[in-house]
Structures are given as C-alpha cells and as structure tokens.
Amino acid sequence: MIEELLSENLVLLVAAAFVIIVIFKGVRIVSQSEKHVVERFGRLHSVLGPGINFVVPFLDVVRHKISILERQLPTASQDAITKDNVLVQVDTSVFYRITEPEKTVYRIRDVDGAIKTTVAGIVRAHIGKMDLDEVQANRAHLIETIKLSVEDAVDDWGIEVTRAEILDVNLDQQTRQAMLQQLNAERARRAQVTEAEGQKRSVELQADAELYEAEQKAKARRISAEAEAYATEVVAKAIKENGIEAAQYQVALKQVEALNALGNGDGKQTIVLPAAALEAFGDAFKLLKGGS
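First things first, this report covers the structure right here in the doc. (Residues numbered from 1 in each chain as written. Predicted model: local features only at pLDDT ≥ 70, side-chain atom pairs only at ≥ 80, totals over all residues. Heavy atoms only, no water.)

## Some words on the overall build of the chain
Then, number 1: On a plain count of helices and strands, the chain comes out with eight helices and nine strands.
Then, number 2: Counting all 292 residues of the chain, 23% fall into the buried class.
Then, number 3: Taking as baseline every contact in the chain between residues at least 6 positions apart, the subset at least 24 positions apart corresponds to 65%.
Then, number 4: Within the structure as shown, the chain displays about 20,700 Å² of accessible surface, and the carbon and sulfur contribution to it stands at 56%. (Helix = DSSP H or I, 4+ residues; strand = E, 2+ residues; numbered from the N terminus. Buried < 20%, exposed > 50% of the residue type's maximum accessible area, 1.4 Å probe, protein only. Contact = heavy atoms within 4.5 Å. Areas by Shrake-Rupley, 256 points an atom, 1.4 Å probe, with all protein chains shown as cover.)

## A short note on the pattern of salt bridges
Then, number 1: Applying the stated rule across the entire model yields 10 salt bridges.
Then, number 2: Residue Arg63 is joined to Glu39 by a salt bridge in which the shortest nitrogen-to-oxygen separation is 3.0 Å. With Arg63 in strand β5 (residues 60-67) and Glu39 in strand β2 (residues 34-40), this residue pair connects regions lying 24 residues apart in the sequence.
Then, number 3: Judged by its relative accessible area of 46%, Arg63 is partly exposed. (Salt bridge = Lys/Arg side-chain N within 4 Å of Asp/Glu carboxyl O.)

## Notes on a nonpolar patch on the surface
Then, number 1: Taken together, the side chains of Phe18, Val19, Ile21, Ile23 and Phe58 present a nonpolar region at the surface, about 500 Å² in accessible area.
Then, number 2: Looking at where Phe18 falls in the secondary structure, it is placed in helix α1 (residues 2-26). (Patch = residues over 30% accessible without salt bridge, like charges linked within 9 Å, V, L, I, M, F, W, Y side chains within 5 Å.)

## Structural notes on the nonpolar core
Then, number 1: Counting 32 residues, the largest nonpolar core has Val88, Ile115 and Ile127 as the members making the most contacts within it.
Then, number 2: Among the elements that make up this core, the one with the highest residue count is helix α3 (residues 111-127) (seven residues).
Then, number 3: Residues within four places of Ile115 in sequence aside, it is in contact with Leu73, Val94, Tyr96, Val154, Trp157 and Ile159. (Core = buried A, V, L, I, M, F, W, Y, C linked by side-chain atoms within 4.5 Å.)

## Regarding the packing of aromatic side chains
Here the distance between the centres and the angle between the planes together describe a pair of aromatic rings.
Then, number 1: The final tally for this structure, using the stated rule, is one aromatic pair.
Then, number 2: An angle of 10 degrees between the planes, with centres 6.4 Å apart, marks the rings of Phe18 and Phe58 as stacked. Of the two residues, Phe18 is situated in helix α1 and Phe58 in the loop between β4 (51-54) and β5; the sequence distance between them amounts to 40 residues.
Then, number 3: The exposure class assigned to Phe18 is partly exposed, which follows from its relative accessible area of 49%.
Then, number 4: Positioned above the aromatic ring of Phe95, the side-chain terminus of Arg163 is 4.0 Å from the ring centre. (Phe/Tyr/Trp six-rings, centres within 6.5 Å; stacked < 30°, edge-to-face > 60°. Lys NZ or Arg CZ within 6 Å of the ring centre and 35° of its normal.)

## With respect to the sheet that holds β5
Then, number 1: Spatially, the three strands line up as an open sheet ordered β3-β2-β5, and their pairing is antiparallel. The open sheet has two edge strands with one neighbour each: β3 (43-48) and β5. The sheet shows a mean angle of 30 degrees between the axes of neighbouring strands, taken without regard to direction.
Then, number 2: Where β2 meets β3, five bridges bridge the pair, whose relative direction is antiparallel. Residue Val37 lies in a different strand from β3, and its bridge partner there is Val47. (Pairing = 2+ DSSP bridges. Axes fitted to C-alpha atoms, helices over the stretch in contact; angles between N-to-C directions.)

## Thoughts on unusual backbone geometry
Then, number 1: Backbone geometry at Phe58 places phi at a positive 70 degrees, although glycine is not the residue there.
Then, number 2: Owing to a relative accessible area of 53%, Phe58 belongs among the exposed residues under this scheme.
Then, number 3: Even without being a glycine, Asn85 presents a positive backbone phi close to 60 degrees.
Then, number 4: In this fold, Asn85 is placed in the loop between β7 (76-81) and β8 (87-98).

## Overview of helix α5 (residues 139-154)
Then, number 1: Its 16 residues give α5 an end-to-end C-alpha distance of 22 Å, which sits within 8% of 22 Å, the value for a rise of 1.5 Å per residue.
Then, number 2: Along α5, the residues classified as buried are Leu142, Ile143, Ile146, Lys147, Val150 and Val154. Across the axial projection of α5, the buried residues extend over an arc of 135 degrees, all falling on one side. Summarising the geometry of α5, the exposed residues directed more than 90 degrees from the buried face are His141 and Asp152.
Then, number 3: Residues of α5 that are buried in the fold lie against α3, α4 (132-137) and β9 (159-171). (Expected span 1.5 Å × (residues − 1). Arc of directions from axis to C-beta.)

## Brief notes about α3
Then, number 1: Spanning 17 residues, α3 covers 24 Å between terminal C-alpha atoms, matching the ideal 24 Å at 1.5 Å per step.
Then, number 2: Where α3 is buried, its residues contact β7, β8, α2 (101-107), α4, α5 and β9.
Then, number 3: The N-cap residue of α3 is Asp110: its side-chain oxygen and the backbone nitrogen of Gly113 are 3.2 Å apart. (Polar contact = N/O pair within 3.5 Å; in protein donor to acceptor, adjacent residues only side chain to side chain.)

This is how it looks when you write it as structure tokens:
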C-alpha cells in the first residue's frame with residue numbers, strides 16, 4: 001500500500017524537494033557585518049549586501065564572504081634613516097576596513113601583507129625627508145601624512161584606511177646617550193641664563209634704589225636751599241627796614257646758639273675762649289636782652 005502511494009506520488013515528492021532546494025539556493029541572508037561576492041559561471045556577477053538577497057540557483061554561487069568590520073594590523077617595526085643620518089626603529093599600527101569586496105578579492109591576494117609592506121615603504125620615505133627633531137616634534141603631522149599616502153596606495157584594493165598610528169620611535173644606545181648629553185647641556189645653559197638674568201635684575205634694582213636715594217637727597221638739598229634763601233631774604237628785608245641793628249641781632253643770635261651747642265655736648269668739657277670772643281658774646285646777650 002505504502003509502496004503504491006510512493007510510486008504514484010514520486011513525481012510530486014521529487015518536485016517538492018526540487019522546489020525546496022531551489023528556494024534554499026535562491027535565497028541568501030547576509031549578516032550586517034559581511035558582504036558576499038557572487039560569481040556566475042566563474043565570473044563576478046554581484047555583491048550581496050546585508051539582509052535578504054535573491055540569486056539564480058545553480059548559476060550564481062557565493063564564492064567569498066568578506067567581513068566589513070574594521071581591522072587592525074599587528075604592530076610592525078621597521079628601520080628608517082632620518083635626513084640627519086640617525087637610525088631609528090619605528091613601531092606602526094594601521095586600522096582599515098574593506099569597502100569594495102569585489103576589488104579586494106580580485107586584485108590582491110594577501111591584504112594584510114600588502115598593507116604592511118606599503119606602510120613600511122611610506123614610513124621610510126617620509127622619515128628620510130625629516131631630521132630626528134622634526135620626527136619627534138611633528139609626530140601628529142607625520143601620522144596624518146602616512147595615513148593619506150597609504151590611502152592613495154591602497155585605493156585600488158577597495159580598502160579604506162581609518163587610522164594610522166606611530167606607537168614609538170626607538171633610537172640606538174649611542175644616539176640616546178648623545179641626546180641625553182645634549183639635554184643636560186641645554187639644561188645647564190638655561191640655568192646659567194636664569195642666574196645671569198637674576199643678577200642683572202638685582203643690579204638694575206640696586207641702581208634704581210641708588211638713583212632714588214640720590215633724587216631724594218637732591219630734593220632735600222633743594223628744599224633746604226630754598227628755606228635758607230627764604231631766611232636770607234627775610235633777614236635782608238629786616239636789615240633793610242631796621243638798619244644795622246637787625247644784622248647785629250642776627251649775629252648775636254647765632255653766637256648764642258653756638259655757645260649753647262658747645263655747652264650741651266656729652267661729658268664734661270672745658271672751653272677756653274679768647275677775651276674778644278667773650279666780649280662778643282657779652283654784646284650778643286645785651287642785644288638779645290635789648291631785643292626782647
């Protein structure tokens with residue numbers, strides 16, 4: 001009974017199986033992180049993007065499944081010689097992603113190896129145009145230049161270089177020692193310059209202080225001279241108005257002030273004056289008494 005049913009419906013079963021296989025072969029679901037390269041009769045036919053895609057069963061074959069995620073090449077070290085003949089070892093790392101799988105598949109065999117070789121040649125070429133100080137001081141500019149050069153070189157491979165990094169620039173031991181000596185010498189020079197500038201500033205401040213002191217003394221002398229001139233003017237005016245008596249009065253006043261100054265000295269003094277001086281002081285006291 002079962003054999004009769006199978007023999008009668010064999011064609012239908014085969015047809016159903018064929019339809020299922022055709023559907024299975026004709027529908028392709030591509031992940032978001034991939035692209036599929038489809039060949040027809042051994043030649044490139046199309047590139048399937050993420051989502052559901054339909055192909056011709058038995059004619060179209062998914063030959064390559066390419067990840068479009070960003071990739072990082074392993075850190076590579078290459079030797080380079082700077083413009084001033086210094087041997088350096090440069091550690092680089094490159095990030096890229098495949099944007100056109102049909103170019104990557106049919107134009108290059110080893111993508112990572114090709115990019116690595118390209119980066120090494122570009123790094124050597126650009127570092128050879130720069131002095132060591134420029135390499136260390138302008139690393140960001142050098143990285144950007146290398147990135148643009150690598151992008152131009154791999155453009156035909158359907159690859160986008162997203163980042164290029166110079167991780168380190170290593171020097172040989174002799175160059176390191178020479179740079180350390182140069183750095184120490186520069187620090188010593190700066191210390192000497194700072195000390196010299198400090199001494200110069202100190203001298204300038206001292207000169208300013210002396211100038212200020214001289215100006216103040218000159219100002220004091222000027223004020224004293226003006227006061228003396230004013231006093232002289234007053235005395236002259238008094239002499240003019242009161243005659244010789246005013247002059248004698250001023251002389252007597254000065255003599256008494258001088259005698260008081262001698263008497264007010266420290267310790268005990270013995271003052272010997274000539275008779276003429278005593279008479280002059282006597283006359284002065286008389287004038288002062290008369291003036292009062």
